[in-house]
Structures are given as C-alpha cells and as structure tokens.
Amino acid sequence: MSDVENKVKEIVVEQLDLDVEVSELSNSSSFVDDLGADSLDTVELVMALEEEFECEIPEEDAEKITTVQQAIDYVTENA
Amino acid sequence: MSDLFDLTGTVVLVTGASRGIGRDIAETLAKQGAVVVGTATSASGAESITDYLSAHGGRGAVLDVSNADSVDQLMAELKGSVGLPTVLVNNAGITNDKLLMRMNLDDWQQVINTNLSSIYLMSKACIRGMMKAKTGRIINIGSVIGDMGNPGQCNYAAAKAGLIGFSKSLAREVGSRGITVNVVAPGYIQTDMTDELDAAQRDSLLQQVPLQRLGTTQDIAQAVLFLASGAGAYITGETIHVNGGMYMS
C-alpha cells in the first residue's frame, strides 16, 4: 500500500468512525453507500483530506470524490 | 443543580463585548468558569475587555465581524492560544435607523453586513472546531424587532429576522454533531441606547411591557448562560424571547 493510500484510508476510518482496520478497507468502498456516511460526514472528510495533504479541494471536485479510490486518485494527482 | 451551569474550561467567543449586553454575557459566562474571549472593533475596546476578563482568565481581541480576513485572523490566533471556541455568542450589532424612504443602499448594507453576514462568517469559522469536538453552542442575539417590526428599522428588523431562519437551518445541519444553534431575542433593555429616552418616551414604552420595567443586561446574559450550559442541551433552532412580555410569539 502506498503512503498516500494508507494515509487516505486512515483518515476515512477516523472520520467515519469505522470499526475496521485500515488494511481491510476496500478501495472501491463508497462513503455513502458502503460506509454509511451522511452529507456532513463527506464534507468533513474532504476537509480532513485538505488539512492532511495541504491542498484546497474546490466544491465541484469534492462532489466527485465518492469512493476511497477516488480520494486516493485525487490526492495523488493534486496534492 | 448548580453544576448544570458550570462552564469550566469551555472556550467561549463573544462578539461585541466591550459594553452593554455583550459585556454582561462575557462576564456571566466567565464567572461560570469559561475561558472567554470578547471582541471589539477597536484596540481600546479590546483592552477594556481584557481589563474586566483577565481576572477570570479571559481577554479581549480586535475583530471586524463583517470582514472575512479579520475573522480568519482571529480564528488562527485562537487556535494557537486558548483553542477553538465551542461556544460562540454572536452579539455584535449596530443600528442605523431611518424611514425606508430615506434609507440609502449603504444604510441598508451596513446593517445587514454587521448584523447578519457577520453571523454567517463567524458561524462558518467556528463550526469546524465544534464538529471536531462533537459539541458546540451557537447563540445569536436577535431582537424583538425581528418579530414585531418597527418603523425606521427595516434594515435592522430584516437582519434580526434573517438570523432566525439562519439559526433554524444551521440547527438542522449540525444537530447530529451535538451542536445547537439558538437565538436570544431581547426586548427593550436598559443600555446606553435606552438611557437617551426622555421620561414620556419611557412611560409609553413601559405601557407595552406587562412586567413594567426595562430589561437588564443580566436578564439577557442569564438566558444565554442557560443555552450555553448543560441545562439547555436539548434546545435547538429555538428563539427565546426575553422581553418582559411585550411580545409573545
């Protein structure tokens, strides 16, 4: 697992208060459909990613980050 | 019972705290153990706040509530010192009374910016820290005029009515994080503003008030303390009218 992938998953597990190990979190998991996030959770998640990777994620991009893999890809490309 | 109102260690931000209602709110919460930062627009105002709060571990800070940069600056400063507030009291406000026919766009916007846009800016700046803490209290100081209207105060009434809708919406957004958002709406309170009234004006005013006296800043501060403390934990999106009965919603 790359550093970025690991860090993103750590943030997801922490923000969504998930009862799984980082290594068990599937990249294809959808925050809302699979991990039980509500709209406020997804906003918080994006803010946590911004903070960790010191980047600003515009609203139109934030809307497109709906799975773990999309978050990893976005951070890899933009941070 | 008294523990219910204990705020020991809670970081509180009160805007417009150099005098009047804001000052009494800041002092009252500080006496309950809160670490209170009170804001004023000028350095001398901030100093006077430090003078009365320092005994309780609080202090004053300079802030223009209608300026986003000023708000960001203060939040960064708080983050590095006392920590982000989990209680925000949006008290700062101004009046600029004129009949609508005489009210120009500047008169309108100045009051909307200071009394309403400020609440957007301050709440947004504080909400992230509250979400992380999974607790928070936002208390917006409204006015009976927001419900009743008053000739000469179209701008002020619009702002004060506007903050009620804002508070109800935000209360619904962040309720799941243990954050409450409420309004305390004062009636006629004895302050510098009402001291200027003459005896006849005062009498006619009191005829509208069943409790037959002007309110005190303490009357308002106690309602704010109630909402800020554990006692008010299950109240959100609500407006508490503190007006001696002059208006009953």
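See the structure shown above.
This text gives an overview of the structure that appears in the document. For clarity, every value in this text was computed on a predicted model and none was experimentally measured. (Residues numbered from 1 in each chain as written. Chains lettered and ligands numbered in written order. Predicted model: local features only at pLDDT ≥ 70, side-chain atom pairs only at ≥ 80, totals over all residues. Heavy atoms only, no water.)

### Brief notes about the overall build of chain A
Helices and strands together make up the secondary structure of chain A, namely four helices and zero strands. Seen in sequence order, chain A has helices and strands lined up from the N terminus as α-α-α-α. On the principal axes, the C-alpha backbone points of chain A span a range of 30 × 30 × 20 Å. A total of 79 residues make up chain A; the buried ones form 44% of that total. For chain A, contacts bridging at least 24 residues in sequence account for 50% of all contacts bridging at least 6. (Helix = DSSP H or I, 4+ residues; strand = E, 2+ residues; numbered from the N terminus. Buried < 20%, exposed > 50% of the residue type's maximum accessible area, 1.4 Å probe, protein only. Contact = heavy atoms within 4.5 Å.)

### Examining the sheet that holds strand β7 (residues 239-242) of chain B
All names here are of chain B. If you walk across this open sheet you meet the seven strands as β3-β2-β1-β4-β5-β6-β7, and the pairing is parallel. Here the strands that pair on one side only, and so sit at the sheet edges, are β3 (59-62) and β7. Each strand axis lies, on average, 20° off the axis of its neighbour in the sheet, ignoring direction. As judged from the four bridges shared by strand β1 (residues 11-14) and strand β2 (residues 35-40), these two strands associate in the parallel manner. Bridge pairing in β2 places Val12 opposite Val36. Against the sheet, helix α1 (residues 20-31) engages β1, β2, β4 (87-90), β5 (136-141) and β6 (179-186), with an angle of about 170° to β1. The strands touched by helix α2 (residues 43-53) within the sheet are β2 and β3, with β3 carrying the most contacts at an inclination of about 165°. (Pairing = 2+ DSSP bridges. Axes fitted to C-alpha atoms, helices over the stretch in contact; angles between N-to-C directions.)

### Section: the nonpolar core
Residue and element names in this part refer to chain B. Counting 29 residues, the largest nonpolar core has Ile25, Leu29, Val36, Val184 and Val224 as its most contacted members. Contributing elements (two or more residues each) for this core: β1, α1, β2, α2, β4, β5 and α9 (217-228). Per-element accounting of this core gives the leading share, seven residues, to α9. Excluding its chain neighbours within four sequence positions, the residues that come into contact with Ile25 are Val14, Val89, Asn91, Ile141, Ala221 and Val224. (Core = buried A, V, L, I, M, F, W, Y, C linked by side-chain atoms within 4.5 Å.)

### Description of the interface of chain A and chain B
Residue-level contacts link seven residues of chain A with seven residues of chain B. For the pairing of chain A and chain B, the buried interface totals around 690 Å² over both sides, and the portion due to carbon and sulfur atoms is 44%. One can count five salt bridges joining chain A with chain B. A salt bridge links Lys132 of chain B to Glu51 of chain A; its shortest N-O distance comes to 2.9 Å. At the junction of chain A with chain B, the criterion picks out five residue pairs in polar contact (both at pLDDT 80 or more). Of the residues belonging to the side of chain A that touches chain B, the class tally is three nonpolar, no polar and four charged. (Buried area = accessible area lost by both parts, 1.4 Å probe. Salt bridge = Lys/Arg side-chain N within 4 Å of Asp/Glu carboxyl O. Polar contact = N/O pair within 3.5 Å; in protein donor to acceptor, adjacent residues only side chain to side chain. Nonpolar A, V, L, I, M, F, W, Y, C, P; charged D, E, K, R; others polar.)

### A look at unusual backbone geometry
One non-glycine residue, Glu54 of chain A, lies in the positive phi region at around 45°. The exposed category is assigned to Glu54 of chain A, whose relative accessible area is 73%. We note that Gln212 of chain B has phi near 55°; this positive angle belongs to a residue other than glycine. Looking at the element boundaries, Gln212 of chain B is found in the loop between α8 (199-206) and α9. The class for Gln212 of chain B is exposed, based on a relative accessible area of 64%.

### Some thoughts on the pairing of β5 of chain B
Residues and elements named next belong to chain B. Within β5, six of the six residues are buried, which leaves it mostly tucked inside the rest of the structure. Of the two faces of β5, the one holding Gly136, Ile138 and Asn140 and the one holding Arg137, Ile139 and Ile141 are both buried throughout. Here β4 pairs with β5 via four bridges, running parallel. Along β5, the bridge assignment pairs Val87 with Arg137. Of the crossover connections in this fold, the one passing from β4 over helix α4 (residues 105-133) to the parallel β5 is right-handed. Pairing between β5 and β6: six bridges, direction parallel. Bridge pairing in β6 places Asn140 opposite Val183. (Right-handed = clockwise from strand over helix to strand, strands pointing away.)

### A few points about the pattern of salt bridges
Evaluated as defined, the whole model comprises 11 salt bridges over all chains. For Lys9 of chain A, the salt bridge is made with Glu5 of chain A, and the minimal N-O distance between the two is 3.1 Å. Of the two residues, Lys9 of chain A and Glu5 of chain A are both situated in helix α1 (residues 3-15); the distance of four residues between them amounts to about one turn of the helix. Owing to a relative accessible area of 16%, Glu5 of chain A belongs among the buried residues under this scheme. Each of Asp38, Asp41 and Glu44 of chain A together with Arg177 of chain B takes part in salt bridges that share partners, so that together they form one network.

### A few points about α2 of chain B
All names here are of chain B. For α2, every residue scored as buried is listed here: Gly45, Ala46, Ile49, Tyr52 and Leu53. Buried positions in α2, seen along its axis, are confined to an arc of 125° and lie on one side of it. Opposite the buried face of α2, by more than 90 degrees, sit the exposed residues Ser44, Glu47 and Asp51. Taken together, the buried residues of α2 touch α1, β2 and β3. (Arc of directions from axis to C-beta.)

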